[in-house]
Every structure is written in structure tokens, then in C-alpha cells.
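A look at the structure
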Amino acid sequence: MSVAIEMDGGVPNLKARLRRAERLTKLKYIGLIIPLALFLLVTFLWPIGSLLYRAVANPEVIEALPRTTQALRGWDGETLPGDDVFDAFAGDLDGNRRSPVLAGAAKRLNMEEPGFRSVLINTARKLDRQPGQSAKDAILAVEPRWGDVSAWRLVARNGQLVTPFYILSALDLRITDDGAIVRAPDDQAIYVEILLRTLWMSVVVTALCMLLGYPLAYLLAQVSTGTGNLLMILVLLPFWTSVLVRVAAWIVLLQKEGPINKAMLALGLITEPLQLVFNRFGVYIAMVHILLPFVVLPLYAVMKSIKPAYVRAAISLGAPPFSAFWKIYFPLSLPGVGAGGLLVFILCMGYYITPALLGSPREQMASYFVAFYTNETINWGMAAALSAVLLSATMILYVIYARHFGPARANQITPR
Amino acid sequence: MSGFSLRWYEEFFGSTTWTDALKNSLIISPLATLLAVVLGTLAAIGLTRASFPGKALLVSILISPMVVPVVISGVAIYLFFSPLGLSGSYLGLVLAHAMLGVPFVITTVTATLQGFDFNLARAASSLGVGPVGAFFKVTLPIVGPGIVSGALFAFATSFDEVVVTLFLASPEQQTLPRKMFSGIRDNISPTIAAAATILVLLATALLLVLEWQRRRTEQMRGTAGSAVRPPRRGLLRRRMFEG
Amino acid sequence: MQTPKTLVILALALSTTAFVAARANAEELTVISFGGAVQKAQEKAYYEPFSKETGIKIVAGEYNGEQAKIKAMVDTKNVTWDVVELESAELYRGCEEGLYEQLDFAKIGDTKNFVPKAVSECGIGTFVWSTVLAYDADKLTTRPASWQDFWDVRKFPGKRGLRKGAKFTLEIALLADGVKPADVYTVLGTKEGVERAFAKLDQIKPNLQWWEAGAQPPQMLAAGDLVMSSAYNGRIATAQKEGKNLKIVWSGSIYDADHWAIPTGTPKQALAYKFIAFASSPGPQKVYSSEIAYGPTNLKAVEALDPKRVADLPTAPKNLEGAVASNTQFWVEHGEELEQRFNAWAAK
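Note that the coordinates shown come from a computational prediction; the quantities given were computed from them, not determined experimentally.

Helix and strand counts for chain A stand at 19 helices and two strands. Relative to the globule expectation of 22 Å for 416 residues, the C-alpha radius of gyration of chain A, 32 Å, shows a markedly less compact shape. Expressed as lengths along the three principal axes of its C-alpha atoms, the size of chain A is roughly 105 × 95 × 35 Å. A buried classification covers 41% of the 416 residues belonging to chain A. Across chain A, every contact between residues at least 6 apart in sequence was considered, and the portion connecting residues at least 24 apart equals 68%.

The following block contains the structure:
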């Protein structure tokens, strides 16, 4: 390094140089992180950010009806808008009678008021202004709906570049004509229920995983290395096997004429084949199977680090075996319970493939609705809003996880 | 049920849709793995060596693709990549799969590096091989197993990935799991079972490689003695899977 | 000393550009259809002979009618699907939204040769199919004859299958509730009509199992998972050919046409036209309808078909008795709203 040549000596200078050299190395190492950080920025953070923006973005109506929305800015919202608005509206429609942009606006307005799609499209297609006729008369002649203040309120409301509509819908809320926020009608209110269902199913799966995983991890931690390795392979093999293979296997096993039903029939346990799949039961079984290693492994690691001497000491001091386990061993294994449990819970919340293949509509969780709105009704605003809700729930849990068990704290629960 | 035959394997290997899907998987997964390993390993080294404010937060962000519901990542990437011409392309899938694999590389490599004495690399570099030489001659052989484990995880993630592929891929990029997904939806034919068997064999192979790597690490620890500060057995494994 | 890293990046860049380039150069045409038995028949009738004749490779993809990918491609002018098979409502809506090219029929054939409903602004009908009530005659001693029987849980205990979605499900509910085929869409056009349909569905909700892919109903019927199901008639006919004793109830069936359309802005428009023209000609259509029991749209193909085959088609006069013609305009207008409502209803 060129710095080394200036030799005017002195301790402070040396210190400074040392510091500078250290800073340089530090920068070099930070430099190593930058490619990944940039990569994730482009493939992950930015996409998610722009998805979340779609939850409030509202460009459709402004794009299709720029002059109308501009003219409506000055409107009082109480009486039918004046001729200037009708003129602007007729002008906007003239500009894009058959354009996809207009269809986009029609679709957007239709979301808030079913049936409005045809109102707008028909007006655009049929509007035919006779010489001398005012825009207002021509428009009202084609579509009397425009004589109603509420139609204009709908357009005016969507003359803003951002809208609370999607987020409110994702929380089963509606905004009324006069701006009040009310609950959605019962037959359409679904998302709060879906969110609660997602949480509840995650609770059940996590609890079942824990119930099965804790004794298993305990066994793994107690047996000799040879047996332990073998058992570990048995835990890991399914872990490495494709989720799709496991889901397919469960369908085959659990179906009406599958081996499980056949065996139970043959044993006389049941007289009619049971419905074991395409319902909640099938989804739980497969999810527990898939997620079990995620609790077993952290639990195992923590348990392996608990010195047998502690429990032995407790027993030798007179504690009965169960109470020695409960008072000494169990509290020591809690970090594993927390890490494994929270991890499984977080993963559960985002499950899509397993419920989609093994469940009925009543087993579908939040992810399904994100996919539904993305693919089937092409309502990307709604998909984004539901994503925002699901993502917030996940992130809250992830922050807890990262704080307590994550990489930053890893050393503290590293087995010593 | 009359005896066994290889008929369904013939059906699998005889049908272009299945072999194309396998081929696509074998193109996309290795490239995604490579990308994830290169970026992830560099970052892991940086993260282990540098300390700066907000590092814990950065680590949490870098490994968050693992916990963000994959449907959300899928939709987000899909809507973001489409205008860039990256949806319906191999490149788009490789990038997305690499993104999903990166957290596994970071966690496994960081775990191995925590047991690594960087003075060795410094010593080597002062003996005249330069920092890059030191990396390839000293650091890499020792942290190699961690990188291999991370790579296997990244590979398995990509090779089993359905959701992002569902959104992003065109029929030309139909991968094996994607094909299985629609196959399971339609009906579980014996061809699916044949495909499943292939995937199970692959899983077994991955697991065996990993197990072999682990044993080798333990042996190396014996011979290299002080070279690697003895990382406890459980640590490596826990950190690998904990993510 | 930078070589290895640079090499890796170089290799990555090279291989990926190679793939991108590969797509652009090869003479390929991506055709997306509904998969399963439909796709198999299309391969035999259209894709293979077309490739043989022209040397153009058909990349056959499948989907369940979701329009999102097409919209994303068209919006971003990065269209990789060249020809798409569509149900009528999606075609009309997509046409309105600019997702599909307005067709130049001069490049396809004389419109007089097609059944009238097959010709529209952005699409050409390729076959007529029907949603029918189907059951396994080996498993049922009393035979269902109508959608009323479908609702009769006492007489026919067990699960019933319907296609997951509002389209056709709501019509079926109204038919079961005694609405005359001719009045179905008038009733469904009112708020009360929609309530009535959902109320009717509520009656058998616990007994319903939803299917999505056309291959599912015949399989689930044969496996005994379902006692009866709505199904695409062609899939049932294919299963019959494979030796399953499945039966079709034609009365109360709902028929619709599927269409070929060209997503706006595909770089392979000329090839797409070539394919559509080929697939709309009588010879291939005849092969298609012999492979799967869907009615051809080319009148000359109808003439050329084996009369015995014609009896299996939704377009046979006998099968049209008591059948409902799907009302495309209704679904264009109400589709999004009713699908969302249906989805919310089903998930509860």
C-alpha cells in the first residue's frame, strides 16, 4: 500500500494509518455483500415494493378520462355536474371509444359498482352527438345513468391516483357514496375470515408438529450416535423429497379407494370408506408431514446441547424423573421450541400448494386468494392488498423470530 | 395390479412433455444454484468479516426470501419482470430461483465461516499468494463443505419450485415440478408415480452427498486440527436447517 | 486472478442469452389450450399434421382459461403465446380490452362455411362443447335424469362434483330450481335470481366437491369419489371409449363454443393465422371431432363426420333438446363480479 511510504513517524500517525487500513478492509468486506444486496434489490425488494404500491394505485380512470376527472375536481358532489364536465366526458370518450384503456376504466369502476362496466362501454360505443345537441343531452339519451349524481361521485372518487378501495376490501370494509366506511355485506365479507383461518390452521399445524416433533427430537438426542444418524436420515429423507411427490403420495394413500381406507374396511374398523382427503384432515396431515423436520431439527440441536449432567444432578438430588425433565430439561429446550414453532408457523402462513392440491375451497388460505385475484379475475390491486395484509402478519412474526432466534442472536443459543 | 413393468418409465421418457420438463429443470436449477452460490458465498464472507451498524437488520433482509410467502414473491416478481421481458424466459426463472436459494447459501456458509480462523487466510496471503489466491487455496477448501451444503439446498429449492414457476414460466419453460403440479390436479397417473420415483431417487442422492460431506468435514477437522476451530456438530446442522 | 468469477458470470450470461436467442430463431409456434384429452385430440388433429406439413414446431401449453398471463404479456408487449384457445366470455371481454387481435377472416377461410356463432370480432370458434350431468352406471342403480336429481341427496347419497366457478354453476342451480332453460339468463340477470341460485347451491353445499380440470370428473366418477358430476361431454365420451360405463344426461346441458384467438402483438402473427386457418379447415376438424366428442364449427366437417359420431356431439339435434346456450354477453358483463362472489361463497 502506498500509504506505507510516508515515514514521518510518530505513534498517532501509526494509529491513524492502522485505522485507515482497517477501514479499508472493512469496506472491502462490505463490498462483498453489495452484489447480493443489489441482486435481491432487483429480484425481491423492489418487486415486492411495487406490488405493495399496487394495493393503493388507481390509475385506470384518470388514464381513460383525463379531462373528465380534471373537470370534476371543482365539482361540489351534490348536484348534477355542469356542462363543462359533460363536454369533457364526451371529449374523453371520443378519444378512445374502443381502446383497452377505456375497458380498463370500465373494469375498475365495475369493481365498485357491479354493472357499471356496461354503462361506460355502452356510452362510449353508442354516443352519437347530433349537430346542435349539447353533450349532456346526447350522453343522457344514450345512458340515463349519467343523470344520477352517484354515477359522477363514483367517477370523481376514482379521479385520485391513490385509493383505499383495495385495502378496505381486503379488510371486508366498503366506502359508501358519502365517504363513510362500513362493513361489507355478509355474503361478500370473507377476507377477515380467511385471515383468521390462515392463522388458525397455522396454529393447529404448529401444535401438531410440536406434539410429534418434540418426542422425536428428544429420542434423537438421547440415542447412540449410530442409531441417531440412522434416525436422522429417516427424518431428512422426506425433507429432501419434493413436496409434490409427498402431496401426490398422500392423495394416493388417503383417497376413497386408497390403501388406508381399504385396510380399515378390511379390519372392520369402518363400514363405509371415509373422506380423508380434499378436506381439512388431508391438508393437516400433509402439512404436518412436510413441516415436521423444521421443528425437529432446531429442537434436536438445542437438546443435543443440554448436558445430561443437569438432569442427572436433579435426579440425584431427589427429583422424580418427570419433574426433573419438566423443571430442568424442558426449560432448557425452550429456545428450540420457540425457534422451531415460530418457523413452522411462519412457513404455514404462506402455504399454497398443499391446500390447493389437497383441500376444498374451505381449506384455502390467504395465499390462494392472492393467486386467485392475480390469475383468474386479473384484479391485481386486490391481489396486492391481500398480499399486504398477509405480508404484514408474516413480517411481525419474522421480526419476533429474528430478534429472538435469528442470525443476529445465533451465538447466544449456540450449544456450548 | 399384475406384476411389475417399466412401462410407465417408458411413458415418462418417451413423452416429450415430460422429458422437456426434466430438461428445463436441469437447465434452470444448476444455473440458479450457481448464481445463488456465487452471490451468497461472497456476501457470507463479507457478513462474517465486517461489522457495521444495521448488520443484523441487513442479514434479516437478505434471508427474508425464505419467509415471505412464496405466492407473494411469485406475484411480485411476475408483475415486475413482465415489463422487463423477463417473464416467460429462462433468465427470469433463473434469477427468481436464485433469489429463493440465496438465503440457504448465506445461512450454511455463514455457519461454516463462524468456525473458520481467518488468520490462516491472512497468513497465506502474506506468504505471497495474494488475497484471491488465499481464498482459493486456503479458505475455499475449508469452507467448501458449507458451500456444497448451501448449493444442495439452493438446488433442491429450485428443483422443487412450483409457485414462482407457475406465475413466471411459459410452456417452453415448463419444469418437472410444474408439470407434476398440473398432473396431480388432472389425475394421478402412473406416469406421475414414475416421475415421483425419479425425484425420490434424486432426494436420496442429495442426502447421501450431504451426509458424505458432513463426515468428510468431521474427518478434516481431525487432520487439520487447529486449522478449524472445532464447530460443534449440532451447530452446523441446526444452522443449516433452522433457516 | 479474477478469472473464475468472471468466467462464471460470462458463462451464465452466455447460456441465458443462448436460450433467449433460441426462442427467437427457431420456427416455433406456442399454442395454449385447455390440456388433457382436449390437448391430446388437438395434437393428433392439428399440431402433428400442421408440423408435418409446414415444418413448424408447435409448443403446446395448457391452462385453465386464466387471462392474467395474457394480459401481462400484452400490457408489456412481450407476447410469447401465439395462439390461445378461449371460452366465449373470455374472448369477448378480452377483445374489448384489447388482449386479442381483430381477426382478418380473409386469412382464415370463408365465414359462410362456419356455424354463425363461431365467427366473432377477435376469434374463430373451433369446437362446440357442452357441460353435462354425468354418472357411473356401474355404481348407480337408479339413474338420475335431471339437475333436480342432482340435488336429491336422499335418493342419491354421496358427493357431487361441479366445476369450480360461477359460470355454468349458477345456471345449473337455477335449472335445478325449476327455471326453464329459456329463462335462465333473465332470472340470473336480477339480484333476486343470483340470490336464488346461491340459496339453491347452499342446499347441497356439504355434498359438493369442486373440480377444475376437465380430466377430473370422469376419473372421480370412476373411482367412486363422486356419485354424479357436471362434466365436459367430450371427456366423458373419451372415458366411455376407454371402457368406463359412464353416462351422460343431455337434458339441461349447457353448451358453448371454444375459440382460437391471437394475443395482441405476437411477433408470429402470420404463423398464427396459418395455424388457425389449418385448424379451422374441414379435414383436421373432422379428425378432432372423431378423437373427442366435441362438435366441429366448420359446416363441411360436420357433413364429413360419421353419423354415428354425430349422435355423441353436443350439436346433435337430439342432444340439444332442453339444452341451454351459454349467454356470452351475460358473462362478459357479470363474470368478474359473480366469480368473486362465488369464490367468497365457496370458501366459507
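Let us now look at the interface of chain B and chain C. Interfaces are often sized by the accessible area lost when the parts come together. On the side of chain C, 26 residues touch chain B, which itself brings 24 residues to the contact. Elements supplying a minimum of two residues to the side of chain B that touches chain C: helix 2 (16-49), helix 5 (90-114), helix 6 (118-159) and helix 8 (176-186) of chain B. A per-element tally of the side of chain B that touches chain C places helix 2 of chain B first, with four residues. Here the side of chain B that touches chain C is built from residues that sort into 11 nonpolar, 10 polar and three charged.

It is worth spelling out the domain arrangement of chain A at this point. Along its sequence, chain A is carved into domain 1 (2-52), domain 2 (60-158) and domain 3 (191-413). Each of domain 1 of chain A and domain 2 of chain A has a C-alpha centre, and the two are 57 Å apart.

This part is about the packing of helix 4 (residues 88-96) of chain C against helix 16 (residues 328-347) of chain C. Packed helices, taken two at a time, are described by their axes: the angle between them and the distance between them. All names here are of chain C. Running from N to C, helix 4 and helix 16 point in directions that differ by 65°, and their axes come no closer than 8 Å. Considering only the axes of helix 4 and helix 16, their crossing is right-handed. On helix 16, the residues that touch Ser88, Ala89, Tyr92 and Arg93 of helix 4 are Thr328, Trp331, Val332 and Gly335. Its residues assigned to classes, the contact of helix 4 with helix 16 comprises four nonpolar, three polar and one charged.

In this assembly, 60 residues from chain B lie in contact with 60 residues from chain A. Sorting the residues of the side of chain B that touches chain A by element identifies helix 2, helix 3 (55-62), helix 4 (70-81), helix 5, helix 8, helix 9 (190-224) and helix 10 (233-242) of chain B as the ones contributing at least two each. Broken down by element, the side of chain B that touches chain A gets its largest block of residues, nine residues, from helix 4 of chain B. Looking at side-chain class alone, the side of chain B that touches chain A contains 44 nonpolar, eight polar and eight charged residues.

All names here are of chain C. Burial of strand 3 (residues 83-87) is extensive: four of the five residues sit out of reach of the surface. Looking at chain direction, strand 1 (residues 28-33) and strand 3 are connected through two bridges and run parallel. Note on strand 3: the bridge partner recorded for Val31 is Val83. The sheet contact formed by strand 3 and strand 8 (residues 246-261) spans four bridges and is antiparallel. Bridging across to strand 8, Glu85 finds its partner in Trp260.

Let us now look at the domain arrangement of chain C. Residue and element names in this part refer to chain C. Assigned domains within chain C: domain 1 (3-128 + 257-315) and domain 2 (131-255 + 320-347). A straight line from the C-alpha centre of domain 1 to that of domain 2 covers 28 Å. Listed as interface residues are 16 residues of domain 1 and, on the opposing side, 17 residues of domain 2. Secondary-structure elements contributing two or more residues to the side of domain 1 that touches domain 2 are helix 2 (36-54) and helix 4.

As a further point, take the nonpolar core. Counting 269 residues, the largest nonpolar core has A:Val247, A:Leu291, A:Val370 and A:Leu386 as its most contacted members. Once residues lying within four places of it in the same chain are set aside, the contact partners of A:Val370 are A:Ala383, A:Leu386, A:Ser387, A:Leu390, B:Val71, B:Ile72 and B:Val75. Within the second largest apolar cluster, 28 residues are counted, among which are A:Leu72, A:Phe89, A:Leu102 and A:Trp152.

Thresholds, definitions, all that
- Residues numbered from 1 in each chain as written.
- Chains lettered and ligands numbered in written order.
- Predicted model: local features only at pLDDT ≥ 70, side-chain atom pairs only at ≥ 80, totals over all residues.
- Helix = DSSP H or I, 4+ residues; strand = E, 2+ residues; numbered from the N terminus.
- Rg over C-alpha atoms; globule rule 2.2 N^0.38 Å.
- Buried ≥ 20, exposed ≤ 12 C-beta atoms within 10 Å, placed from the backbone.
- Contact = placed C-beta atoms within 7 Å.
- Nonpolar A, V, L, I, M, F, W, Y, C, P; charged D, E, K, R; others polar.
- Domains from an automatic or database assignment.
- Axes fitted to C-alpha atoms, helices over the stretch in contact; angles between N-to-C directions.
- Left-handed = near helix turned anticlockwise from the far one by under 90°.
- Pairing = 2+ DSSP bridges.
- Core = buried A, V, L, I, M, F, W, Y, C linked by C-beta atoms within 7 Å.

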